[in-house]
Amino acid sequence: MVEWSEWAGMITRWAHIFAGILWIGQTWYFTWLDLQFEDHEANPGGRVWMVHSGGFYLVDKIKVPSPMPRTLHWFRWEALMTFITGVILLYLVYFSGGLMVDVAGNEMSPGAGLGLAAAAMVLGWLVYDLLWISPLEKFPRAGAAICYVLMVGLAWFLAQRVSGRAAFLLVAAVLGAIMVNNVWARIIPAQRAMIADRIAGREPDPRLAERAKGRSKHNTFIIMPVLFLMISNHFPTATYGVENNWAVFAVVTLLSWALVPILRRR
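So, a few notes on the structure that sits alongside this text. (Residues numbered from 1 in each chain as written. Predicted model: local features only at pLDDT ≥ 70, side-chain atom pairs only at ≥ 80, totals over all residues. Heavy atoms only, no water.)

### Topic: the overall build of the protein
Cut-off, in case you're wondering: Secondary structure elements follow DSSP: runs of H or I of four or more residues count as helices, runs of E of two or more count as strands, with numbering from the N terminus. Radius of gyration here is computed from C-alpha atoms only, and the compact-globule reference equals 2.2 Å multiplied by the residue count raised to the power 0.38. Relative accessibility decides the category of a residue: with a 1.4 Å probe and only protein chains considered, values under 20% of the type maximum give buried, values over 50% give exposed, and everything between is partly exposed. Whether two residues touch is decided by their heavy atoms; if any such pair falls within 4.5 Å, the residues are in contact. Residue exposure ignores everything except the shown protein chains as possible cover, and the areas themselves are Shrake-Rupley values with a 1.4 Å probe. Charge counting treats Lys and Arg as positive and Asp and Glu as negative, with His and both chain ends excluded. One atom stands in for each charge, and that atom is NZ of Lys, CZ of Arg, CG of Asp or CD of Glu.
Along the backbone of the protein there are 7 helices and 2 strands. Secondary structure elements of the protein occur, N-terminal to C-terminal, as α-β-β-α-α-α-α-α-α. For 266 residues, the compact-globule formula gives about 18 Å, and the C-alpha radius of gyration of the protein, at 20 Å, lands near that figure. Along the first, second and third principal axes, the C-alpha atoms of the protein reach 60 × 45 × 35 Å. Looking at the protein as a whole, 41% of its 266 residues are labelled buried. Contacts in the protein between residues far apart in sequence, at least 24 positions, make up 70% of those at least 6 positions apart. Carbon and sulfur atoms provide 67% of the accessible area of the protein, an area that totals close to 15700 Å². A gap of 6 Å separates the mean positions of the 22 positive and 17 negative side-chain charges of the protein.

Okay, structure coming up:
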């Protein structure tokens, strides 16, 4: 007889994957759309024509509408649901499932595992956010290089303390926490501030739009190593199971980041 925990894990994983598809798909779509608006030769007049499922669509981009439309569609709950179901999965599979072990193979208590994960996610977000609200924000290439070093350093640090499998999933949890906080702590508040300015008759601060779009672009890069870390569970001998698993993570992340600018234009 199948235990309830197996059903809970399966349904939660199902919901996690579906919510993630909705969230990341929307993020990549709007990033692609912004690039299309920059191509004035292919899309004259600042409008993009598209065809899908037998229908034709014309998309126009403006800074902030005036007056504000009665219905404004937001894209935010998919990010929150992806994160919540991911945290539930971590608990069901690792913390209560006996897969959270140290490098010596000793099982960690649920409390110790939760504490390590929570500390890593909170510190990861704080370090990342402080980095990108600093003057380094004006130098994105340098910021990306620093973030890359910090990510690889985190993978190395965790791999010295827990099993490779757990280390990879904890790194994914940290990156996922950064992504969802980008949406809820930076992108959504910026959008709300722009709307409030327009309603009050003020000209919205263009820096808010730039910062929000910057965080959205970050998410298109961050998701690449996150997906690799997630599927690594199915390929242990090539990923987390090797001696220097953090180095595998470093190489794959670098290669996947090189692909992002190409994929975003397709």
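### Things to note about a nonpolar patch on the surface
What counts is decided by this rule: Patch criteria: residues need more than 30% relative accessible area and no salt bridge. Like-charged residues are merged within 9 Å; nonpolar side chains of Val, Leu, Ile, Met, Phe, Trp and Tyr are merged within 5 Å. The salt bridge criterion pairs a side-chain nitrogen of Lys or Arg with a carboxyl oxygen of Asp or Glu, the two atoms within 4 Å.
Where nonpolar side chains cluster on the molecular surface, the patch consists of Val122, Leu123, Leu126, Leu130 and Ile133 and spans about 480 Å² of accessible area. Looking at the secondary structure, you find Ile133 in the loop between helix H3 (110-132) and helix H4 (140-159). The partly exposed category is assigned to Ile133, whose relative accessible area is 45%.

### Focus on the pattern of salt bridges
Counted according to the given criterion, the structure contains 9 salt bridges. The partner of Asp34 in a salt bridge is Lys61, and the shortest N-O contact between them spans 2.7 Å. With Asp34 in helix H1 (residues 4-38) and Lys61 in the loop between strand S2 (55-60) and helix H2 (77-95), the pair connects residues that are 27 residues apart, well separated along the chain. The exposure class of Asp34 is buried, given its relative accessible area of 13%. Lys61 gets classed as partly exposed once you look at its relative accessible area, which sits at 48%. Asp205 is paired through a salt bridge with Arg207; the nearest N and O atoms lie 3.0 Å apart.

No statement about biological role is implied by the geometric values presented.
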